[in-house]
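This is what each chain is made of:
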Amino acid sequence: MTHSPRWIVYLSMILVTTLASADADGPSPFQRNFLDQFPDLHKVILKTKATTTPDAQHAAVEALIRRLLPPKDAARFLFDVNPSAFSDPAVDTAKITSNGKVVRILGNSGTACTFALYDFLKYQCGCQVAWSGRQLTLPAVFPVITRVVRKADWLHYYQNVCTASYSSVWWNWTRWEQEIDWMALQGINFPLAFTGQEEMWRRVYSKRGLNDDDLAGFFVGPAFLAWGRMGNIRRWDGPLSAHWLNGQVELQHKILERMASLGIIPILPAFGGIVPEALQRIYPQMKYSRLQSWSHFPDNMTRSYLLDPSDPLYVSLGQEFIHEMQAEYGSVTHFYNADTFNEQRPNTSSPDFVREVANATYRGMIQADSEAIWVMQGWLFVYDSDFWTPALIEAFLTAAPLVNWFGCT
């Protein structure tokens, strides 16, 4: 497979979690080679992290520990966020120093500090913070230690594109706040952030002439959003109310603001080519194909409409969607997820077609954000390995000058 200089392809999460372990003195030779090969990814990570000042990240860490521990216990931990404290600011690293009474944590990011905090609580104090409960009884005297903790690599991905429909679509801010705290304590700094995207699409399509009735035949209900977003189904269990749509946007503001405050890099959604059937009324010459039916849903609720990558609408809609998110939330990331052929085959096995789809998807991102990086699942290649031959995979993954593929199967 031939890669352009700006291509990064993670063939599986195994590679993401084994960019070689490194000691506190700096990256391993493997990591250094990876950095030398892909300097653009390193620069984009640093730029995204720098959108929140060290002081703001410090304040966010202090707020987290006050949510986690009683005031007297929280006061026994002191934090300092300094991006230049260690050799590679892109790798979360922290130094833990305990004199028995007070624990001082110096980290190069908010998530470095919170990861180090949980390392100390878990391994030195026998504490645990889990989804099902917490054990946070601290000893009267802490162990006296000096320890450096360093993550194995730059980015620690979290969630699956279906997580929203499995769980989080029902969460309010209180539950999301708990989840983001848990992420930070685990050292997760690269989660999906998909909440509120249906309102962004409503705005995009409304500007294109579609009305609420048109979109009622497109949007699915909250429990099925994951599969509606990827084009597996349409209109099932919809429509979505204006109250619900607006509430999700308000919730996404809180999610993104909290993630940014801790130094967490969110992955926002992007356009993967799926459009409402009603768009044909506005653009009668629109070029499209129909995806296959999915999971025994009736044809009028599946067989989604996939824009042809040669249609100028494909790139335009991708650009407009990201612009709509930027207008609402600001420039909070350069990482975007799009999954087009989730458990569905295109109507052709032509390498040229899948290459053009990938290229149009990427151009929609890059025309809205010149530093965009595409994050996608590897599940489609595993789920339908009979269809996705090496030639088709190569065509799809070498269609654009910059793609990050995190294969989460």
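Below you will find a few notes about this structure. Residue positions are given per chain, counting from 1 as you read along its sequence in written order. A pLDDT threshold of at least 70 governs which residues receive local features in this predicted model, and a stricter bar of 80 or more applies before side-chain atom pairs are shown or counted, although totals over entire chains, interfaces and linings include all residues. No hydrogens and no water enter the side-chain calculation; it runs on all heavy atoms of the structure.

## Some details on the pattern of salt bridges
The term salt bridge refers to a pairing of a side-chain nitrogen on Lys or Arg with a carboxyl oxygen on Asp or Glu at a separation within 4 Å. Counted according to the given criterion, the structure contains 18 salt bridges. Where R67 meets D181, a salt bridge forms, and the shortest distance between an N and an O atom there is 2.7 Å. Here D181 lies in helix α8 (residues 173-186) and R67 lies in helix α4 (residues 54-68), a separation of 114 residues in the sequence. Overall, the relative accessible area of 6% leaves D181 in the buried class. Close ionic contact of E328 with R203 constitutes a salt bridge, the shortest N to O distance being 2.8 Å. Secondary structure counts use DSSP, requiring at least four H or I residues in a row for a helix and at least two E residues in a row for a strand, with both numbered from the N terminus. Note on classification: 1.4 Å probe, protein chains only; a residue is buried when its accessible area is under 20% of the maximum for its type, exposed when over 50%, partly exposed between these limits.

## Here's the deal with the packing of α4 against helix α6 (residues 110-125)
Between two packed helices, the angle of one axis relative to the other and the distance separating the axes together describe the packing. Where α4 meets α6, the axes come as close as 9 Å, and the angle between the chain directions of the two elements is 30°. With respect to α6, the element α4 is oriented roughly parallel. Note on packing geometry: the crossing formed by α4 with α6 is right-handed. Between α4 and α6, the contacting residues are Q57, V61, L64, I65 and L68 on the first element and G110, C113, T114, L117 and L121 on the second. Under the grouping applied here, Gly and all other residues not named as nonpolar or charged are polar, the nonpolar ones being Ala, Val, Leu, Ile, Met, Phe, Trp, Tyr, Cys and Pro and the charged ones Asp, Glu, Lys and Arg. Its residues placed into classes, the contact of α4 with α6 shows seven nonpolar, three polar and no charged. Every axis in this analysis is a line fitted to C-alpha atoms, fitted for helices over the stretch in contact. Angles between the N-to-C directions lie between 0 and 180 degrees. Relative orientations are named as follows: roughly parallel for angles under 35 degrees, roughly antiparallel for angles over 145 degrees, roughly perpendicular for angles from 65 to 115 degrees, and oblique for any other angle. In this scheme the crossing of two helices becomes right-handed for a clockwise turn of the near helix relative to the far one and left-handed for an anticlockwise turn of less than a right angle. Contacts are residue-level and defined by heavy atoms, with any inter-residue pair within 4.5 Å sufficient.

## Here's the deal with the state of the cysteines
Any two cysteine sulfur atoms lying within 2.5 Å of each other are counted as a disulfide. Summed over all chains, the structure comprises zero disulfides. Take C127: it sits in no disulfide, and the sulfur closest to it among the cysteines is that of C125, at 5.2 Å. For C127, a relative accessible area of 4% gives the class buried.

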